[in-house]
Amino acid sequence: DGAVPVFSSVAATDGTYNIGDTLTITVTWGEAVVVTGTPTLSLNNGDTASYSSGTGTTALVFTTVVADGDTDSSDLSVSSYGGTIADAAGGAAGAASGDLGAVLIDGDTPDMTGCSATDAAYGVGEVITITCVYDEAVTVTGTPTVTLSNSDVASYSSGTTSTSIVFATTVAQGDATSSDLAVSSIQPTAGGATMKDANDNAIDSTITNGDLGTVTV
């Protein structure tokens, strides 16, 4: 057999793939190919898909799971393959590359950039309004909460579908005093709530720049 398997196509199901989603890619050649080891596909966003199944047929299946930090892509494509793929006579399979169609990758969680409140001394009965800003728009359902450095809890108030999410709490008799109030943690799923980006990736719950300024209780 002097001929090598001629590359035919690459394909994947159109859609938006978020963190934790599995992307399945099928690569087809003009004749049956045999796999040795675990070949990989290099994608144009820097990710790699690994061989999953299909040896002995014309269509090999590769998969990759979208991970936090994967480079976003609005038009994913295959750049090349690596590893051993050949026909029964040992002829190496032809180079594989091509566009995967309407495949979008979103490997970025919404990250907090900071929280703030109006500088003041707050007494019993007064409302502290806290704005936490994210690096992309966040859609809120339910009532997520943030816990403050004096152990008080502020509940979601407004801001869904924007980058600025507002929480509020009313100072009550017996609340611990604080000379420098800060956001200590966030509970994005409190009571069944959600905080996600437009592509359904949940926020990163890391608190960044949680100090609220000159806020005393």
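Each remark here, short or long, concerns the structure printed above.
Note that the structure is a prediction, hence the values are computed from the model and not measured.

Scanning the chain from terminus to terminus reveals zero helices and 17 strands. Rg of the C-alpha trace for the chain: 25 Å, well past the compact-globule value of 17 Å for 217 residues, more than 25% over. The C-alpha extent of the chain, read off along each of the three principal axes, is 85 × 25 × 25 Å. A total of 217 residues make up the chain; the buried ones form 39% of that total. Contacts in the chain between residues far apart in sequence, at least 24 positions, make up 68% of those at least 6 positions apart.

Turning to the pairing of strand β13 (residues 153–158), a few remarks are in order. One ladder, built from three bridges, connects strand β12 (residues 145–148) with β13; its direction is antiparallel. Bridge assignment links Thr147 to a residue of β13, and that residue is Val153. Bridge analysis of β13 against strand β14 (residues 162–170) gives three bridges, and the strand direction is antiparallel. Looking across to β14, one finds that Ser155 is bridged to Ala168. What sits between β13 and β14 in their antiparallel hairpin is a turn of three residues, with Gly159 showing a positive phi close to 110°.

Attention shifts here to the pattern of salt bridges. This model, assessed by the stated rule, comprises one salt bridge. A salt bridge links Lys196 to Asp200; the shortest N-O distance between them is 3.4 Å.

Topologically, Asp152 is positioned in the loop between β12 and β13. For the buried Asp152, no salt bridge exists, and the shortest N-O distance to an oppositely charged side chain is 27 Å, to Lys196. Not counting the four nearest positions on each side in its chain, Asp152 is found in contact with Val146, Thr147, Thr169, Thr170 and Asp175.

On to the environment of Thr141. Mapped onto the secondary structure, Thr141 falls in strand β11 (residues 127–141). Using a relative accessible area of 38% as the deciding quantity, one classes Thr141 as partly exposed. Apart from residues no more than four positions distant in its own chain, Thr141 is found in contact with Ala193 and Thr194. Separated by 2.4 Å, the side chains of Thr141 and Thr194 make a polar contact.

Here we come to empty space enclosed by the protein. All chains considered together, the criterion is met by one cavity of 30 Å³ or more. Roughly 30 Å³ of internal volume is contained in the largest cavity. Tallied by class, residues from the lining of the largest cavity come to five nonpolar, two polar and one charged.

Parameters at a glance
- Residues numbered from 1 in each chain as written.
- Predicted model: local features only at pLDDT ≥ 70, side-chain atom pairs only at ≥ 80, totals over all residues.
- Heavy atoms only, no water.
- Helix = DSSP H or I, 4+ residues; strand = E, 2+ residues; numbered from the N terminus.
- Rg over C-alpha atoms; globule rule 2.2 N^0.38 Å.
- Buried < 20%, exposed > 50% of the residue type's maximum accessible area, 1.4 Å probe, protein only.
- Contact = heavy atoms within 4.5 Å.
- Pairing = 2+ DSSP bridges.
- Salt bridge = Lys/Arg side-chain N within 4 Å of Asp/Glu carboxyl O.
- Lys, Arg positive; Asp, Glu negative; His and termini not counted.
- Polar contact = N/O pair within 3.5 Å; in protein donor to acceptor, adjacent residues only side chain to side chain.
- 1 Å grid on protein atoms, 1.4 Å probe; cavity = no way out; pocket = protein on both sides within 12 Å on 5 of 7 lines; lining within 4 Å.
- Points joined across faces, edges and corners; volume = space filled by probe spheres on them.
- Nonpolar A, V, L, I, M, F, W, Y, C, P; charged D, E, K, R; others polar.

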